[in-house]
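# Observations on the three-dimensional arrangement
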Amino acid sequence: MSEAFEGYERQYCEISASLARKCTAASVLQGEKLKQKALEIKSGIDGAEALIRKMDLEARNHQPNVRAGLLAKLREYKSDLNNLKGTLKRVSTGNAQQGMREELLEAGMADTLAESADQRSRLLRTTERQNQTTDRIRDSHRTMLETEDLGVSLLHDLHQQRQSLLHAHDTLHSVDDNVGKSRKIMGAMVRRMDRNKWIIGFIVALLVLAILVILYFKFVH
């Protein structure tokens, strides 16, 4: 339900309640005072009709599922307004003839006013329930938007964490490669050192052997 329709609806309910009170007050008036009160009521009825036309135009701008409920309420408002028109007509006619007015006050008008009051009460209760439902829908929509924003934020954070993990994985893979290369180099160096040790040992052995041979020939000859 749009805010414009709700505004027209509140105005109509206020005008309708005021017109009902004025009709009750007019039922005991006569002569010039009755004419003035009738003109005042007629002006209020014209204003109420204008509001109903505005609500009708506003309702037809909505989606079919919303429009059906609004048009149903409009039919009740139109029925309420027709009751007010009938009441005004009976009051005006009844005051022209005192006896008929008394009969009207005792019989039909009291029932009509009671029916109109009961109808307005139902309309006000229905309007209040629909306004509460609208507020709950707005709250739910706002909560949904907040939840959607939170979800987007969480997805963004998860994406950043995934990127960080992938970067860390690449770094670890690079370190692992470097460690493997270093291990191979160290292995080669160790093997080279071992080979050098054997070569140096062999050379030392040859030198010792040569010294021994030299000493042998020196002392023997």
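That block above? That's the structure.
Below or above, wherever it landed, is the structure these notes cover. (Residues numbered from 1 in each chain as written. Predicted model: local features only at pLDDT ≥ 70, side-chain atom pairs only at ≥ 80, totals over all residues. Heavy atoms only, no water.)

### What about the overall build of the protein?
In terms of helices and strands, the protein carries 5 helices and 0 strands. Traced from its N-terminal end to its C-terminal end, the protein shows the element sequence α-α-α-α-α. Going through the 221 residues of the protein one by one, you find that 24% of them count as buried. Restricting the contact set of the protein to residue pairs at least 6 apart, pairs at least 24 apart contribute 75%. With the model as given, the accessible surface of the protein reaches about 15,700 Å², and the carbon-plus-sulfur share is 61%. (Helix = DSSP H or I, 4+ residues; strand = E, 2+ residues; numbered from the N terminus. Buried < 20%, exposed > 50% of the residue type's maximum accessible area, 1.4 Å probe, protein only. Contact = heavy atoms within 4.5 Å. Areas by Shrake-Rupley, 256 points an atom, 1.4 Å probe, with all protein chains shown as cover.)

### Some points on the packing of helix α1 (residues 3-26) against helix α2 (residues 31-59)
For the pair α1 and α2, the least separation of the axes is 9 Å and the interaxial angle reads 160°. In this view, α1 runs roughly antiparallel relative to α2, as classed from their interaxial angle. Once α1 is placed against α2, the crossing between them reads as left-handed. In terms of residue class, the contact of α1 with α2 is built from 16 nonpolar, 2 polar and 6 charged. (Axes fitted to C-alpha atoms, helices over the stretch in contact; angles between N-to-C directions. Parallel < 35°, antiparallel > 145°, perpendicular 65-115°, else oblique. Left-handed = near helix turned anticlockwise from the far one by under 90°. Nonpolar A, V, L, I, M, F, W, Y, C, P; charged D, E, K, R; others polar.)

### As for the pattern of salt bridges
According to the stated counting rule, one finds 6 salt bridges in the structure shown. The shortest N-O distance in the salt bridge between Lys37 and Glu40 comes to 3.7 Å. Of the two residues, Lys37 and Glu40 are both situated in helix α2; the distance of 3 residues between them amounts to about one turn of the helix. Ionic contacts of the salt-bridge type, sharing partners, join the residues Lys22, Lys37 and Glu40 into one network. (Salt bridge = Lys/Arg side-chain N within 4 Å of Asp/Glu carboxyl O.)

### Thoughts on the packing of aromatic side chains
Per the counting criterion, the structure on display carries 2 aromatic pairs. Measuring from ring centre to ring centre gives 5.0 Å for Tyr12 and Tyr77, while their planes differ by 50°; the resulting arrangement is tilted. Of this pair, Tyr12 sits in helix α1 while Tyr77 is found in helix α3 (residues 64-96), placing the two residues 65 residues apart along the sequence. Taken individually, Tyr12 and Tyr77 each receive the classification buried, so the pair is uniform in this respect. (Phe/Tyr/Trp six-rings, centres within 6.5 Å; stacked < 30°, edge-to-face > 60°.)

### Examining a nonpolar patch on the surface
A cluster of nonpolar residues, Ile199, Phe202, Ile203, Leu206, Leu207, Leu209, Val213, Tyr216, Phe217 and Val220, forms a patch on the protein surface that exposes about 970 Å² of accessible area. Residue position: Leu207 is located in helix α5 (residues 108-220). (Patch = residues over 30% accessible without salt bridge, like charges linked within 9 Å, V, L, I, M, F, W, Y side chains within 5 Å.)

### Focus on the nonpolar core
The biggest cluster of nonpolar side chains holds 25 residues, and the ones touching the most others in it are Tyr12, Ile41, Ile52, Met55, Leu74, Tyr77 and Leu81. Listing elements by their share of this core, those giving two or more residues are α1, α2 and α3. Top element by residues in this core is α2. It accounts for 9 residues. Those residues in contact with Ile52, other than ones at most four positions away along the chain, are Tyr12, Leu74, Tyr77, Lys78 and Leu81. (Core = buried A, V, L, I, M, F, W, Y, C linked by side-chain atoms within 4.5 Å.)

### Brief notes about α1
Each full turn of the α-helix corresponds to 3.6 residues, which orients residues three or four apart in the same direction. Under the 1.5 Å per step criterion, the end-to-end length of α1 is 34 Å for 24 residues, consistent within 8% with the ideal 34 Å. Buried residues of α1: Phe5, Glu6, Gly7, Glu9, Tyr12, Cys13, Ser16, Leu19, Ala20, Cys23 and Ala26, and no others. (Expected span 1.5 Å × (residues − 1).)

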